[in-house]
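What the coordinates show
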Amino acid sequence: MTIQPNSIEGRDRAYHLHSYTNAKALERDGALAIERGEGIYVYDASGKRYIEGMAGLWSVAVGFGEQRLVEAARRQLETLPYYHTFSARTHGPAVDLAEKLIRMAPVPMSKAYFTNSGSEANDTAIKMIWYRSNALGKPEKKKIISRIKGYHGVTLASASLTGLPNNHRSFDLPLPGIFHTNCPHFRAFAQEGEDEAAFVARCAADLEALIEREGAETIAAFIGEPVMGAGGVIVPPAGYWQAIQAVLKKHDILLIADEVICGFGRTGEMFGTTTMGLEPDIITVSKQLSSSYQPISALLINDRVYQPIAEESGRIGTFGHGYTGSGHPVAAAVALENLAIIEERNLLGNVQALAPLFQSRFKALESHPLAIEARGIGLIGALELAPREGFATGQLGPKLAAVMQENGLFSRAIGDSLALCPPLIITEQQVGAMFDIFEASLDQFQAQLK
Ligand code: PLP
């Protein structure tokens, strides 16, 4: 299709550099413009409807076009469209949301701190941890351990935590002092003859070896998503988190649970921390916090983290950190209304009710001749395609995603894995329709490959 210079696609190509996009391919092919959304659906500029099988970017829990969120934003814009939280100022929405999050927290937490994105939340977690180590008179305790295929964002520090090559390549990352340990993907990384228990034991032993090599007194924290999302939807094997946490406890290393995808119901509990039995010192949340109607993220920190930070800020005279948008009243008001909808409509109950169907439809696709593995939990899952002669690793996934898109379903290709993470408001009938498209697209793709 030729792109007219004055069309949205034409002007996009002329003026806009895109995130996570091959700019040269975009110059040739243009972008797909999305115009509006309703429930689990979005519509492109030509009026074509798609099931948003990824809830945008793993985030639009309550679906598109939710008028209660529009109203919450409008009300707040009329009363106080902006105020900050620097220099001991505050406002109702920030206080209400902080209280709500501390009350909801899956483990005892002391304070909430607001940021604007998942990346900023994780970046801030590192700064808080460094500040804390200095406060405790342990200036050498600064290194952070993350995992291969973990995704924690794209700021300098968060991209360093992220364990994916495209976030490091040509950016001169990771920064020094950040280390990546094993990815808990059993099928991909188990060694010959290793069962799940042996694999878990090796993950824990490798972590401990890394800690001992670097010196436990130099390691401040470990960060992990309870269930990995953007690395390919990887649910760790039974006992994994227990084994990892035992090593961290032994060496006095803090745990940061990155709940940016898992938080607010995705895995079948309100937090992935509960699903996976974590005892984090810091939890970072974003995405489903506001259903991404407004950019907002938060850190929940326990007393082990808060008290030394408070002491240090008392000594220095300030906690010298904060964003203009930290605790933005409109974003906070939208987040509060979004959390109210999640609770009032019992969307967690909907996840629990539909997860068996969602996961069994994924599992059924595993026997497709093109597939090698289905993985998932709650309302998040992925199907990995088997390697195929004539195709480099990571080539098949985007091709299948394109067929699915043509057929009216947005999924996300992560290498050769196709992920789905739909809005939490999805119905049983819509789950069925989504997987019918997935299945038909697989067959169609197989026919194309022959
Ligand atoms: N952490 C996790 C687990 C994520 O999935 C993401 C984004 O996908 C981030 C952090 C980064 O969030 P943001 O894109 O808002 O910076």
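Naming follows an unreviewed UniProt entry, where the protein appears as Aspartate aminotransferase family protein of Rhizobium straminoryzae. For the record of the protein, the UniProt heading Cofactor (unreviewed entry) holds the text "pyridoxal 5'-phosphate". Turning to the protein, the UniProt annotation filed under Sequence similarities (unreviewed entry) states: "Belongs to the class-III pyridoxal-phosphate-dependent aminotransferase family."

In this section: the overall build of the protein. Tallying secondary structure elements over the protein gives 16 helices and 15 strands in all. For 450 residues, the compact-globule estimate of 2.2 N^0.38 gives 22 Å, and the C-alpha radius of gyration of the protein, at 22 Å, lies within 12% of that figure. When burial is assessed residue by residue, the protein has 47% of its 450 residues classed as buried. Long-range contacts, defined as pairs at least 24 residues apart, comprise 70% of the intrachain contacts of the protein with a sequence gap of at least 6.

A separate point is the site of the ligand. Close to the ligand lie 15 residues; Ser117, Gly118, Ser119, Gly153 and Val260 are nearest. The leading source of residues in the shell around the ligand is helix H6 (residues 118-135), at three residues. Tallied by class, residues from the shell around the ligand come to five nonpolar, eight polar and two charged.

This next bit is on the sheet that holds strand E3 (residues 49-52). Within a sheet, neighbouring strands are paired by backbone hydrogen bonds and run either parallel or antiparallel to one another. Here four strands make up an open sheet; going across it, the order is E1-E2-E3-E13 and the pairing mixed. Each edge of the open sheet carries a strand with a single partner, namely strand E1 (34-38) and strand E13 (409-410). Relative to strand E2 (residues 41-44), E1 is paired through four bridges, and the arrangement is antiparallel. Considered in E2, the bridge of Glu38 is made with Tyr41.

Rules of the game
- Residues numbered from 1 in each chain as written.
- Predicted model: local features only at pLDDT ≥ 70, side-chain atom pairs only at ≥ 80, totals over all residues.
- UniProt positions renumbered as here; feature names shortened; annotations may be inferred.
- Helix = DSSP H or I, 4+ residues; strand = E, 2+ residues; numbered from the N terminus.
- Rg over C-alpha atoms; globule rule 2.2 N^0.38 Å.
- Buried ≥ 20, exposed ≤ 12 C-beta atoms within 10 Å, placed from the backbone.
- Contact = placed C-beta atoms within 7 Å.
- Near = placed C-beta within 6 Å.
- Nonpolar A, V, L, I, M, F, W, Y, C, P; charged D, E, K, R; others polar.
- Pairing = 2+ DSSP bridges.

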